[in-house]
Amino acid sequence: MDFLEDLEAYNSSMENAYNIVTKRMTIDDIYELLDSKEVNEFYLPFDPTQNDGRDEATLALLIDHFTESEEYEKCQELVNIKRKFLEAPKD
């Protein structure tokens, strides 16, 4: 891969993660896309068999990415998810 391909894969992984974290897409949707050959590769910045991407590190990465790309609506949605899932009072 060259730099531009790497950058495209990185941006794709951020979009994919955003879709998973916001529940616009599920793991089953990913498998269907791959099985139907609509896509050949599906990048994510986290292991979907281990968590749903709603961990502190992944949310911070996504918020930083979408802030840099000036996609503030996505940032706000991710901040709301972070508040709901990470800053909720623990019993």
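Definitions and cut-offs
- Residues numbered from 1 in each chain as written.
- Predicted model: local features only at pLDDT ≥ 70, side-chain atom pairs only at ≥ 80, totals over all residues.
- Heavy atoms only, no water.
- Helix = DSSP H or I, 4+ residues; strand = E, 2+ residues; numbered from the N terminus.
- Expected span 1.5 Å × (residues − 1).
- Buried < 20%, exposed > 50% of the residue type's maximum accessible area, 1.4 Å probe, protein only.
- Contact = heavy atoms within 4.5 Å.
- Salt bridge = Lys/Arg side-chain N within 4 Å of Asp/Glu carboxyl O.
- Core = buried A, V, L, I, M, F, W, Y, C linked by side-chain atoms within 4.5 Å.
- Axes fitted to C-alpha atoms, helices over the stretch in contact; angles between N-to-C directions.
- Parallel < 35°, antiparallel > 145°, perpendicular 65-115°, else oblique.
- Left-handed = near helix turned anticlockwise from the far one by under 90°.
- Nonpolar A, V, L, I, M, F, W, Y, C, P; charged D, E, K, R; others polar.

## Let's talk about helix α1 (residues 3-21)
The end-to-end C-alpha distance of α1, which contains 19 residues, comes to 27 Å, matching closely the 27 Å that a straight helix rising 1.5 Å per residue would cover. Among the residues making up α1, those that are buried are Ala9, Ser13, Met14, Asn16, Ala17, Tyr18, Ile20 and Val21. Looking at the buried side of α1, the elements it contacts are α2 (27-35), α3 (56-68) and α4 (72-86).

## Let's talk about the pattern of salt bridges
Between side chains of opposite charge, a pair can form when the charged atoms approach closely. For the structure on display, the rule yields 3 salt bridges. When the shortest N-O distance is used, the salt bridge between Glu15 and Lys74 registers 2.8 Å. In this pair, Glu15 is assigned in helix α1 and Lys74 in helix α4, connecting sequence segments 59 residues apart. Taking the relative accessible area as the measure of exposure, Glu15 reaches 27% and is therefore partly exposed. Between Glu77 and Arg24 there is a salt bridge, with its nearest N and O atoms 3.1 Å apart. One end of the pair, Glu77, is in helix α4; the other, Arg24, is in the loop between α1 and α2, with 53 residues separating them in the sequence. One continuous salt-bridge network, built from bridges that share partners, spans Glu15, Glu71 and Lys74.

## So, the nonpolar core
Within the largest apolar cluster, 17 residues are counted, with the highest numbers of intra-cluster contacts made by Val21, Met25, Leu62, Phe66 and Leu78. Elements supplying a minimum of two residues to this core: α1, α2, α3 and α4. No other element matches α1, which puts 5 residues into this core. If near-sequence neighbours (up to four positions away) are discounted, Phe66 is found in contact with Met14, Glu15, Tyr18, Glu71, Lys74, Cys75 and Leu78.

## A few points about the packing of α1 against α4
Put simply, α1 and α4 touch, their axes get as near as 11 Å, and they point 45° apart. Here α4 runs oblique to α1, going by the angle between their axes. In the crossing of α1 with α4, the sense of the turn from one axis to the other is left-handed. Every residue of α4 that contacts α1 at Glu15, Tyr18 and Val21 is listed here: Lys74, Glu77, Leu78 and Ile81. Residue composition of the contact of α1 with α4, by class: 4 nonpolar, no polar and 3 charged.

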